[in-house]
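Read off the chains here:
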2 protein chains.
Amino acid sequence: MLHDSLMDSGTQSPRPAQDIGTPDVGQRIRRLRKERGISLSELARRAGIGKATLSGLENGTRNPTLETLWAVTAQLGVPLTLALGTGPTIQGTAVEAVLLQVFEDEAVTYELYRLTIPAGSTQVSPAHHEGVTEHITVFAGVLSAGPQDAPLRAGAGEHLTWRSDVPHIYSAIGAQDVHASLLIRYPRH
Amino acid sequence: MLHDSLMDSGTQSPRPAQDIGTPDVGQRIRRLRKERGISLSELARRAGIGKATLSGLENGTRNPTLETLWAVTAQLGVPLTLALGTGPTIQGTAVEAVLLQVFEDEAVTYELYRLTIPAGSTQVSPAHHEGVTEHITVFAGVLSAGPQDAPLRAGAGEHLTWRSDVPHIYSAIGAQDVHASLLIRYPRH
DNA sequence: GACGGCCGTTCCGTAAACGGAACGGACGCA
DNA sequence: TGCGTCCGTTCCGTTTACGGAACGGCCGTC
């Protein structure tokens, strides 16, 4: 189901296939730390862990413990989620979609994605099964999305919904990357 | 900002204040495993880890390694995010809101939450600053939410938006818990 | 009611993540 | 130019998470 969604027909910028399953947590931690303008030593001290541990974590030479990650992310004031980056990413296409949550009840499955579309890119996805709907809320940029022959447009803060049982597209219009959340709703067929 | 949002005036079911920072990952893993109807031994074998390791993880007697968590969640087919639950959870209220993502650009901050409201519960939140808007997509249950004096209603698959610069409420109507995604949009003041 | 199969837990030796200390490098200053 | 301070990395002994094997418990079957 996950891979039915968005995988096909990207028209630009196939990004380097990074290893699923080994997200670079270290790089993210380092970036978060730098953003806050604090040194490795200082963060280690505040988090109550060794400098060696933090150094190894950031450089990816250690395989950190959950406890260690908690100590660090808590001190940085971010959810673990953010540091882990998380989730299977659909790749090799114009659109990057990171799966954040799956919710299932007896009748419906929902998948919630964090969506990034590089400026100027367009992606076409084939029709889903009947009854599948998509809901997008745009964070930034201008998005054109929906049925291929009649796409809708939304800017930051706006929301789109369409039935995705027809071929549909996602485009980032203008000079800005599009960031959005995408919810796909699959009724049990 | 995070704690301005939802913290106040819960009217029911203050949940036992579990430790932030030590979410019971083990319980979640165990639940996910049971849902799939597979045994501990089987999951350990598939994930390529020891039974002892998985047993310790589920019972919370070990402090698992990131690598171990990856192996298990990948095998369960869920994003790590889901197993960790995690992120700062706003508690002691009717609503449980788990922060999944924060997105900032020059003009706006977005916070994306996974929302759970127990059946029959109601929660009131005070007004936010002017310009703040909220966007909810309902996964399951029936939600009544929006300005306190004129709430809107949405069922599974539907979407609500309102300006949250007035006091607003969230209610789970009927016998079913409400699951939803909540996006809060904060323009730079 | 003995037996085999599978369950989840416990035991145990090994590998590795941990924190503290030592290290070399970069910078500011007398 | 020598000295003090702080940076991030490396070294090293200790702690602990790891997987394999052994264990007791619970059911089927014969």
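Anything mentioned here points back to the structure above.
The notes below deal with the structure included here. (Residues numbered from 1 in each chain as written. Chains lettered and ligands numbered in written order. Predicted model: local features only at pLDDT ≥ 70, side-chain atom pairs only at ≥ 80, totals over all residues. Heavy atoms only, no water.)

Around DNA strand C lies a shell of 19 residues, among which T53 and T68 of chain A together with S39, L40 and S55 of chain B are the nearest. Put simply, 69% of the atoms of DNA strand C that lie within 4 Å of the protein are in sugar or phosphate. Here T65 of chain A contributes a backbone N or O atom positioned 3.3 Å from a phosphate oxygen of DNA strand C. Within the side chain of S39 of chain B, a nitrogen or oxygen atom sits 2.8 Å from a phosphate oxygen of DNA strand C. Elements with a minimum of two residues in the surface near DNA strand C: α4 (51-59) of chain A together with α2 (25-35), α3 (40-47) and α4 (51-59) of chain B. For the surface near DNA strand C, the element with the most residues is α4 of chain B, which contributes four residues. When grouped by side-chain class, the residues that make up the surface near DNA strand C number five nonpolar, ten polar and four charged. (Near = heavy atom within 4 Å. Polar contact = N/O pair within 3.5 Å; in protein donor to acceptor, adjacent residues only side chain to side chain. Helix = DSSP H or I, 4+ residues; strand = E, 2+ residues; numbered from the N terminus. Nonpolar A, V, L, I, M, F, W, Y, C, P; charged D, E, K, R; others polar.)

So, about the protein's contact with DNA strand D. By nearness alone, 19 residues border DNA strand D, and S39, L40 and S55 of chain A together with T53 and T68 of chain B come closest of all. Those atoms of DNA strand D that come within 4 Å of the protein belong to sugar or phosphate at a rate of 67%. Note that a phosphate oxygen of DNA strand D is positioned 2.6 Å from one of the backbone N or O atoms of L40 of chain A. S41 of chain A places a polar main-chain atom, nitrogen or oxygen, 3.3 Å from a phosphate oxygen of DNA strand D. At the level of secondary structure, the elements contributing two or more residues to the surface near DNA strand D comprise α2 (25-35), α3 (40-47) and α4 of chain A together with α4 of chain B. For the surface near DNA strand D, the element with the most residues is α4 of chain A, which contributes four residues. Here the residues of the surface near DNA strand D sort into five nonpolar, ten polar and four charged.

This part covers α3 of chain B. All names here are of chain B. Inspection of α3 places L40, L43, A44 and A47 among the buried residues, and these make up the whole buried set. Taken end-on, α3 shows its buried residues confined to a sector of 100 degrees, consistent with a single buried face. Backbone geometry just after α3 places G48 at a positive phi near 75 degrees. (Buried < 20%, exposed > 50% of the residue type's maximum accessible area, 1.4 Å probe, protein only. Arc of directions from axis to C-beta.)

This part is about the sheet that holds strand β7 (residues 152-154) of chain A. Within a sheet, adjacent strands bond to each other through the backbone by hydrogen bonds, running parallel or antiparallel. Residue and element names in this part refer to chain A. What the four strands build is an open sheet, ordered β4-β9-β6-β7; its pairing is antiparallel. What marks the edges here is a single partner per strand, and that holds for β4 (122-125) and β7. Each neighbouring strand pair of the sheet contributes to a mean axis angle of 15 degrees, computed without reference to strand direction. By the bridge criterion, six bridges tie strand β6 (residues 142-147) to strand β9 (residues 168-173) in an arrangement that is antiparallel. Pairing of P147 across the sheet is with H168, part of β9. (Pairing = 2+ DSSP bridges. Axes fitted to C-alpha atoms, helices over the stretch in contact; angles between N-to-C directions.)

All names here are of chain A. Applying the stated rule across the entire model yields two aromatic pairs over all chains. Note on W162 and Y170: the rings are 6.1 Å apart at their centroids and 65 degrees apart in plane angle, and the pair reads as edge-to-face. By relative accessible area, W162 is classed as buried at 4%. Relative accessible area serves as the criterion here: at 0%, Y170 is assigned to the buried category. (Phe/Tyr/Trp six-rings, centres within 6.5 Å; stacked < 30°, edge-to-face > 60°.)

A separate point is the environment of T73 of chain A. Secondary-structure assignment places T73 of chain A in helix α5 (residues 66-76). It is 7.9 Å that separates the C-alpha atoms of T73 of chain A and I29 of chain A, two residues lying 44 residues apart in sequence.

Within an α-helix, residues lying three or four positions from one another point in the same direction, as the helix has 3.6 residues per turn. Residue and element names in this part refer to chain A. Within the sequence span of α4, burial applies to L54, G56, L57 and E58. In this structure, the buried residues of α4 make contact with α2, α3 and α5. The first or second residue beyond α4 is G60, which carries a positive phi of 75 degrees. (Contact = heavy atoms within 4.5 Å.)

A word on the packing of α2 of chain B against α4 of chain B. When two helices pack together, their arrangement is given by the angle between the helix axes and by the axis-to-axis distance. Residues and elements named next belong to chain B. Where α2 meets α4, the closest approach of the two axes is 6 Å, and the angle between their N-to-C directions is 115 degrees. Here α2 contributes V25, G26, Q27, I29, R30 and R33 to the contact with α4, which in turn contributes L54, L57, E58 and N59. Looking at side-chain class alone, the contact of α2 with α4 contains four nonpolar, three polar and three charged residues.

Before going further, it helps to examine the pattern of salt bridges. Residues and elements named next belong to chain B. The final tally for this structure, using the stated rule, is ten salt bridges over all chains. Among the salt bridges present, the one from E58 reaches R33, with a minimum N-O distance of 2.7 Å. With E58 in helix α4 and R33 in helix α2, the pair connects residues that are 25 residues apart, well separated along the chain. Pair check on accessibility: E58 and R33 agree, each one buried. (Salt bridge = Lys/Arg side-chain N within 4 Å of Asp/Glu carboxyl O.)

All right, on to empty space enclosed by the protein then. Enumeration according to the criterion identifies one cavity of 30 Å³ or more in this entry. Here the largest cavity defines a volume of roughly 80 Å³. L112, T137 and S181 of chain A together with T137 and S181 of chain B are the residues nearest the centre of the largest cavity, which is lined by 14 residues in total. Breaking the lining of the largest cavity down by element, the ones donating at least two residues are β5 (133-140) and β10 (178-187) of chain A together with β5 (133-140) and β10 (178-187) of chain B. Its residues assigned to classes, the lining of the largest cavity comprises seven nonpolar, seven polar and no charged. (1 Å grid on protein atoms, 1.4 Å probe; cavity = no way out; pocket = protein on both sides within 12 Å on 5 of 7 lines; lining within 4 Å. Points joined across faces, edges and corners; volume = space filled by probe spheres on them.)

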